[in-house]
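Chains, contacts and geometry: an overview
Listed below, chain by chain, are the residues.
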Amino acid sequence: MIDAPTLLLVASTIRFATPLALAALGELVGERAGVLNVGIEGMMLAGALAAFEVGCATGSVTLALAAAVAAACALALLFAAFALYRQADPIVSGTAVNILALGATGSVFRLLHPAGTALGRAPQLGEVAPGVNGFTALALCLAVAVALFLGRTRFGLALRAVGERAEAADAQGISVVRVRFAATLFGGACAGVAGAALVLWLSDAFVEGMTSGRGFIALALVLFGGYREWRILAGAVLFGAASALQFRLQAAGSALPYTLLLMTPYVLTLLVLALFAGRSRAPADLARPFHARG
Amino acid sequence: MTWPRQLLQSVAAAAVAIAVAGVALALLGADPLRALGALVGGAFGDSLALETTAVRAGPLLLVGLGVALSFRCGIWNIGGEGQLNGGALAATALVTRGLGPEPGVVALPLALLAGALAGAAWAALAALLRIHRGVSEVLSTILLNFIAALLVAWAVHGPLQEASGAYPQSDAFPDAARLALLPGMSRAHVGLVLAAALPFALWVFLFRSAAGLRLRAVGFSPDAARYAAVSPERETLRVLVISGALAGLAGALEVTGVTGRLFENLGSGYGFTAIAVALLARLHPIGVLPAAVVFAALAAGSGAMQRAAAVPSVVVQVIEALVIFFSVGFALPRRGGG
């Protein structure tokens, strides 16, 4: 038997890892189709606020989750409209999504809850075992589904073709923009679920900017995982463990100041990128706009 | 495109962004016209409002210039915020811990230099990661933003905290390390004159010097630049160093000219707003000057707007994002096109 403190650490590792895995797997599908979406941070944040507001208003986890997916997909639509249909630069468009999400969630939250009014608590998705609930199951299923879809289906092959050689895919009669659009929406939906997990599971409140870089860490995980589902999951667990340990040290009254401990995920991400980013081969047409002939 | 057309498009992008935000506010039950009135009053209504707008424009101008320069060269420096924090931190460390209580006339130039160097070093880290380890500067500069903000938090809770230990902030700077106010002004400091001169200096550098031509060449086509014996790697480092130095200088100007001490969230939002500034300026150094004033006015007026019309000040970020969308989505010439 493992002892109680270890079990707690494992559970908290899974809790931190799951939202990262969900967001990263969604981003993976987008990137394999050639869409670099740096706006998933903002889509997670929008998902978190939507889940909080709808969850508080209805008390239903399911409705909260649906609202989170809808809010994140709305931002994904906006991103797609500019990055895919207007051929605006994807990095600038994604950054604009992030700024928009920060401003819009902040404005809506402050308008709905003026200073001094009591905040409700979002309904929680319970755990069947420490660290195990619907979100964990969803992340695992998503990894299996994405692996099967990309590797074993005709649609997955078409999607990868669009990411590797958009021109060639186009010549084969695949609608590049439509595939990328679908992949972007899927990535947005996953980011929305990841954001919902933050308020329906990891905490029961919404705080402005509460994603605190998780979307960017998820982006880094795709690179760290070398565009492979299982290595992305492993990376998410590594980051989950780092976060869990860091909070454990804080709670134990470590000699290190908490500000330095809070730095761990970001420094670890940079280190991991420095070690692995150069080695993973990105889809050849990643972030390259496609101009349909017509 | 000729510049009057670019100017027209920028004005249209800003106007449409403000109109869309107004409609959204009306849908949420606020009074957008009253909010706009309060905002304009808060930004330009009296001399103090005007000075506040000018003071806010300074850092936006400097960070925005750095963003414009790097984006023009195809380098996505999203790290203005972190570089500004790094500059403010270095300047504060030097002034409150390195120079003693009577620092003399060298204090100010040294503090500004320390800020620019620290900002440059922070950005150079991202450049080296990209050149030697293949790490996209988009991710590294964003991650370095988080790290810099936490470094400032650590410093003002720890080694740089004021002697009394009352608040998480540094000691107040001695007078010798404070920038003088402009004659007859109560907030606007002489650093703003330096900031306002820099767009012209950068314009000369970019469009009238061989080094500037090399930078722009990399932006047009890294491969073509390589054939012309221009090393994209070296230019990447150079662009990020200049861009980071500008943001670091902004941080140093903020602590020496405005706050007189370091605390958390000093540069809150300047880094992201600067991206909107640069894009509204169509990445042109001279255009950054009016664009910085536009966003400084939004920031300066947002407090008054919140008080008078109960519209949250963060709505300004929505306007920033919309300006970015409208600037890149509708106005830039589209390549190819079949």
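Computed from a predicted model, the values in this text were never measured in an experiment.

**Topic: the overall build of chain A**
- Check the secondary structure of chain A and you find twelve helices and zero strands.
- Counted from the first residue to the last, chain A has its helices and strands arranged as α-α-α-α-α-α-α-α-α-α-α-α.
- Taken over C-alpha atoms, the radius of gyration comes to 19 Å for chain A, in line with the 19 Å a tight globule of 294 residues would show.
- The C-alpha extent of chain A, read off along each of the three principal axes, is 60 × 45 × 35 Å.

**Describing the overall build of chain B**
- Helix and strand counts for chain B come out as 13 helices and zero strands.
- Mapped in sequence order, the helices and strands of chain B form the string α-α-α-α-α-α-α-α-α-α-α-α-α.
- At 20 Å, chain B has a C-alpha radius of gyration in line with the 20 Å of a compact globule built from 338 residues.
- Along the first, second and third principal axes, the C-alpha atoms of chain B reach 70 × 55 × 35 Å.
- Taking all 338 residues of chain B together, the buried fraction comes to 55%.
- Looking at chain B alone, contacts between residues at least 24 apart form 78% of all its contacts between residues at least 6 apart.

**Here we look at helix α4 (residues 90-112) of chain A**
- The first and last C-alpha atoms of α4(A) sit 32 Å apart over 23 residues, in line with the 33 Å expected at 1.5 Å per residue.
- Summarising burial for α4(A): 19 of the 23 residues are buried, a large majority.

**As for the interface of chain A and chain B**
- The interface is formed by 40 residues belonging to chain A together with 38 residues belonging to chain B.
- Taken together, the elements giving at least two residues each to the side of chain A that touches chain B come down to α4, α9 (214-224), α11 (258-262) and α12 (264-276) of chain A.
- Per-element accounting of the side of chain A that touches chain B gives the leading share, 14 residues, to α4(A).
- Each residue belonging to the side of chain A that touches chain B can be placed in one class, and the counts come to 24 nonpolar, twelve polar and four charged.

**With respect to the environment of B:Leu144**
Residues and elements named next belong to chain B.
- The topology assignment puts Leu144 in helix α6 (residues 137-157).
- With 28 C-beta atoms packed within 10 Å, Leu144 lands in the buried category.
- Between the C-alpha atom of Leu144 and that of Gly45, which follows or precedes it by 99 residues, the distance is 38 Å.
- In this structure, Leu144 is in contact with Gly79, Gly82, Trp122, Leu125 and Ala126, ignoring residues within four places of it in sequence.

**Section: helix α6 (residues 154-164) of chain A**
- Residues A:Leu159, A:Ala161, A:Val162 and A:Gly163 constitute the buried set of α6(A).
- In the core, the buried residues of α6(A) are packed alongside α1 (4-32), α5 (134-152), α7 (166-171) and α8 (176-202) of chain A.

**Looking at the packing of helix α2 (residues 40-58) of chain A against helix α3 (residues 61-85) of chain A**
All names here are of chain A.
- Following both chains from N to C, one finds α2 and α3 inclined at 150 degrees, their axes separated by 7 Å at the closest point. The element α2 and its partner α3 pack so that their crossing is right-handed. Along the contact surface, α2 presents Gly42, Met43, Ala46, Gly47, Ala50, Ala51, Val54, Gly55 and Thr58, while α3 presents Val61, Leu63, Ala64, Leu65, Ala67, Ala68, Ala70, Ala71, Ala72, Leu75 and Ala76.
- Of the residues in the contact of α2 with α3, the class split is 16 nonpolar, four polar and no charged.

**Re unusual backbone geometry**
Residue and element names in this part refer to chain B.
- With a phi angle near 65 degrees, Ala229 is a residue other than glycine that sits in the positive phi range.
- Given 7 C-beta atoms within 10 Å, Ala229 falls into the exposed group.
- Even without a glycine there, the phi angle at Arg282 is positive, about 55 degrees.
- With respect to the helices and strands, Arg282 occurs in the loop between α11 (270-280) and α12 (285-309).

**So, the packing of helix α5 (residues 107-133) of chain B against α6(B)**
Residue and element names in this part refer to chain B.
- The contact between α5 and α6 brings their axes to 9 Å, and the two run at 145 degrees. The chirality of how α5 crosses α6 is right-handed. Mapping the contact onto sequence places Trp122, Leu125, Ala126, Leu129 and Arg130 in α5 and Glu137, Ser140, Thr141, Leu144 and Ala148 in α6.
- The residue inventory of the contact of α5 with α6, partitioned by class, reads six nonpolar, two polar and two charged.

**Description of the environment of B:Ala38**
Residues and elements named next belong to chain B.
- Mapping Ala38 onto the fold places it in helix α2 (residues 32-44).
- For the pair Ala38 and Arg307, spaced 269 residues apart in sequence, the C-alpha to C-alpha distance is 8.5 Å.
- Ignoring anything within four residues of it in the chain, the contact list for Ala38 reads Ala304, Met305, Ala308 and Ala309.

**So, the confidence of the model for chain B**
Residue and element names in this part refer to chain B.
- Confidence in the prediction of chain B, expressed as mean pLDDT, is 90, and 97% of residues score 70 or more.
- Across chain B, α5 holds the top mean pLDDT of 96, while helix α9 (residues 222-227) sits lowest at 83.
- This model gives residues 332-338 a pLDDT under 50, and the stretch forms seven contacts once residues within four places in sequence are excluded.
- Per the prediction output, this complex has pTM 0.93; the corresponding ipTM is 0.92.

**What to know about the environment of A:Asp170**
- Following the sequence through the fold, A:Asp170 ends up in helix α7.
- Remark: the alpha-carbon pair of A:Asp170 and A:Leu8, spanning 162 residues in sequence, is separated by 51 Å.

Criteria and cut-off values
Residues numbered from 1 in each chain as written. Chains lettered and ligands numbered in written order. Predicted model: local features only at pLDDT ≥ 70, side-chain atom pairs only at ≥ 80, totals over all residues. Helix = DSSP H or I, 4+ residues; strand = E, 2+ residues; numbered from the N terminus. Rg over C-alpha atoms; globule rule 2.2 N^0.38 Å. Buried ≥ 20, exposed ≤ 12 C-beta atoms within 10 Å, placed from the backbone. Contact = placed C-beta atoms within 7 Å. Expected span 1.5 Å × (residues − 1). Nonpolar A, V, L, I, M, F, W, Y, C, P; charged D, E, K, R; others polar. Axes fitted to C-alpha atoms, helices over the stretch in contact; angles between N-to-C directions. Left-handed = near helix turned anticlockwise from the far one by under 90°. pLDDT = per-residue confidence, 0-100.

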